[in-house]
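What the coordinates show
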Amino acid sequence: VVEGRKRVVMIPNTNETKGRYQLQSAYSGSGWTGIDILSRDYELPDDAVVVEIGAGEGLMFPYLCWHAVENLKPTVAYGLRVKED
């Protein structure tokens with residue numbers, strides 16, 4: 001995050017979560033399951049990790065980790081996708 005603040009929800013892709021989320025659509029490495037895990041009404045699983053990050057901070061998502069990001073303030077940020085061959 002260069003400027004602003006974000007809320008990040010991460011749900012590990014484990015044997016317990018396998019099959020819980022099914023992709024409905026995918027585009028350029030991003031996917032939509034039809035479930036809004038950012039909704040305050042959605043009950044997150046016990047192994048979910050929720051963090052807020054601000055200017056000068058960043059996160060690295062584990063491989064195949066289900067996640068969603070919400071801007072809490074107007075935000076300027078960038079992301080990188082690192083793929084090992």
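In this report, we go over the structure that sits alongside the text. Small disclaimer: the values here were computed from a predicted structure and weren't measured.

1. Details of the pattern of salt bridges
This structure, assessed with the given rule, holds two salt bridges. Across the pair E52 and R5 runs a salt bridge whose closest N-O atoms are separated by 3.2 Å. Here E52, found in strand β4 (residues 49–54), pairs with R5, found in strand β1 (residues 5–11); they are 47 residues apart in sequence, far enough to count as distant. Under the relative-accessibility criterion, R5 is labelled partly exposed at 28%. With a shortest N-O distance of 3.3 Å, R7 and E70 are connected by a salt bridge.

2. Concerning the layout of surface pockets
Here the largest pocket defines a volume of roughly 1,700 Å³. G29, F61, C65, H67 and R81 are the residues nearest the centre of the largest pocket, which is lined by 38 residues in total. Mapped onto the lining of the largest pocket, the elements with two or more residues apiece are β1, β3 (30–32) and β5 (66–71). Ranked by residues supplied to the lining of the largest pocket, first place goes to β5 with four residues. Counted by class, the lining of the largest pocket contains 24 nonpolar, eight polar and six charged residues.

3. What about the nonpolar core?
V9, I11, Y21, I37, L38, A48 and A68 together form the largest nonpolar core, which totals seven residues. Ignoring any residue separated from it by four or fewer positions in sequence, one finds V9 in contact with I37, L38, L44, V49, V50, W66, H67 and A68. Counting five residues, the second-largest nonpolar core is a separate cluster that includes V1, V8, M10 and C65.

Definitions and cut-offs
Residues numbered from 1 in each chain as written. Predicted model: local features only at pLDDT ≥ 70, side-chain atom pairs only at ≥ 80, totals over all residues. Heavy atoms only, no water. Salt bridge = Lys/Arg side-chain N within 4 Å of Asp/Glu carboxyl O. Helix = DSSP H or I, 4+ residues; strand = E, 2+ residues; numbered from the N terminus. Buried < 20%, exposed > 50% of the residue type's maximum accessible area, 1.4 Å probe, protein only. 1 Å grid on protein atoms, 1.4 Å probe; cavity = no way out; pocket = protein on both sides within 12 Å on 5 of 7 lines; lining within 4 Å. Points joined across faces, edges and corners; volume = space filled by probe spheres on them. Nonpolar A, V, L, I, M, F, W, Y, C, P; charged D, E, K, R; others polar. Core = buried A, V, L, I, M, F, W, Y, C linked by side-chain atoms within 4.5 Å. Contact = heavy atoms within 4.5 Å.

Interpretation note: all reported values are geometric properties and have no functional meaning in isolation.
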